[in-house]
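Overview (structure and organization)
Spelled out, the chains give:
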Amino acid sequence: MNQDDLKKRVAYEAINYIKDGMVVGLGTGSTMYYAIQSLGERIKEGLNIKGIPTSERTAEWARSNNIPLTDFSEVNHLDLVIDGADEVDENFQLIKGGGGALLREKIVANATDQFIVIIDESKYVQTLGEFKLPVEVVPFGWEMTAREIEALGCNATLRNDHNGIFLTDNDHYILDCDFKVINNPEKLNQDLISIVGVVETGLFINMARKVLISYSNSGKVIEMNN
């Protein structure tokens, strides 16, 4: 079973948690692509829900699958949020932001009591940090912001794409910060947020309530609850 198969399996399983009448947060990333496809099929069969996307890309996927969308001008609370992660540790702390949508993802995840994270087995780790931590920063003075971040013990690299400097949907930059090992993610998150110029970090602290993990050996999706 390859990684795409693992992603599909856990994505399809996650959609079973969505019930008629819910308002659902729709995450960003390759695993969520499969979840949104599956949700579109459920809507064709008569499921009635509304979604709030965490990125412009997710919004496009949702529209192409005829998923009705709403926003926070109409909604105060989400019944459920489903999203992937780049790393999940044994305490359900997360690194997110590999897709560049960490700010909107965190706003959406903060609007629910039922944040479900969907991953394949490669993303479940004992300690965070092998994946470079994305930190969203304002463009003005980003070099100064990067130096202050690096003083916390990492190498911070400005994210680029085929157009040059990568811009988030919020017109911010992302610094990918290589800490190697993050032993105290809660403290690091607080230290990073206190730096002027930092908008948000990819550390999602004490937010995940349920993690679904797709395993290759058994072919099963395991549910873990916090």
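Residues numbered from 1 in each chain as written. Predicted model: local features only at pLDDT ≥ 70, side-chain atom pairs only at ≥ 80, totals over all residues. Heavy atoms only, no water.

Helices and strands together make up the secondary structure of the protein, namely six helices and 15 strands. Scaling as 2.2 N^0.38, a compact globule of 226 residues should have a C-alpha radius of gyration of about 17 Å, and the protein matches this with 17 Å. Dimensions of the protein, computed from C-alpha atoms along their principal axes, come out at roughly 55 × 40 × 35 Å. Counting across all 226 residues of the protein, residues that qualify as buried make up 53%. Here the protein has roughly 10,700 Å² of accessible surface; of this, 44% comes from carbon and sulfur atoms. For the protein, the centre of its 21 positive side-chain charges and the centre of its 34 negative side-chain charges are spaced 4 Å apart. (Helix = DSSP H or I, 4+ residues; strand = E, 2+ residues; numbered from the N terminus. Rg over C-alpha atoms; globule rule 2.2 N^0.38 Å. Buried < 20%, exposed > 50% of the residue type's maximum accessible area, 1.4 Å probe, protein only. Areas by Shrake-Rupley, 256 points an atom, 1.4 Å probe, with all protein chains shown as cover. Lys, Arg positive; Asp, Glu negative; His and termini not counted. Charge placed at Lys NZ, Arg CZ, Asp CG, Glu CD.)

Strands sit in the order E8-E11-E7-E12 across an open sheet of four strands; the sheet is antiparallel. Lying at the two open borders of the sheet, with one neighbouring strand each, are strand E8 (155–158) and strand E12 (198–201). Going from strand to strand, the sheet's axes swing by 30° on average, the running direction of each strand aside. Two elements, strand E7 (residues 133–137) and E12, share three bridges in a ladder whose sense is antiparallel. Bridge assignment links Val 135 to a residue of E12, and that residue is Thr 201. Packing of helix H4 (residues 102–109) onto the sheet brings it into contact with E7, strand E11 (173–178) and E12, and relative to E12 it is tilted by some 60°. Lying on the sheet, helix H6 (residues 185–193) is in contact with E7 and E12; it crosses E12 at an angle near 165°. (Pairing = 2+ DSSP bridges. Axes fitted to C-alpha atoms, helices over the stretch in contact; angles between N-to-C directions. Contact = heavy atoms within 4.5 Å.)

At Asn 66, a position not held by glycine, the phi torsion is positive, near 60°. Even without being glycine, Phe 92 reaches a positive phi, approximately 70°. Take Phe 92: it is sitting in the loop between strand E4 (87–88) and strand E5 (94–95).

Time to look at helix H3 (residues 56–64). Among the residues of H3, those classed as buried are Thr 58, Ala 59, Trp 61 and Ala 62. End-on view of H3: buried residues confined to an arc of 160°, all on one side of the axis. The outward face of H3, more than 90 degrees from its buried face, is lined by the exposed residues Arg 57, Glu 60, Arg 63 and Ser 64. Looking at the residues trailing H3, positive phi occurs at Asn 66, about 60°. (Arc of directions from axis to C-beta.)

Right, let's get into the packing of aromatic side chains. What the rule picks out here adds up to three aromatic pairs. Aromatic side chains Tyr 33 and Trp 61 sit 5.1 Å apart centroid to centroid with 70° between the ring planes, which places their arrangement in the edge-to-face category. Here Tyr 33 is found in helix H2 (residues 30–44), whereas its partner Trp 61 is found in helix H3, with 28 residues between them in sequence. Centre to centre, the rings of Trp 142 and Tyr 173 are 6.5 Å apart; their planes meet at 70°, and the pair counts as edge-to-face. Pair noted here: Trp 142 is in helix H5 (residues 142–150) and Tyr 173 is in strand E11, with a separation of 31 residues, a long-range link. A relative accessible area of 21% means that Trp 142 is categorised as partly exposed. (Phe/Tyr/Trp six-rings, centres within 6.5 Å; stacked < 30°, edge-to-face > 60°.)

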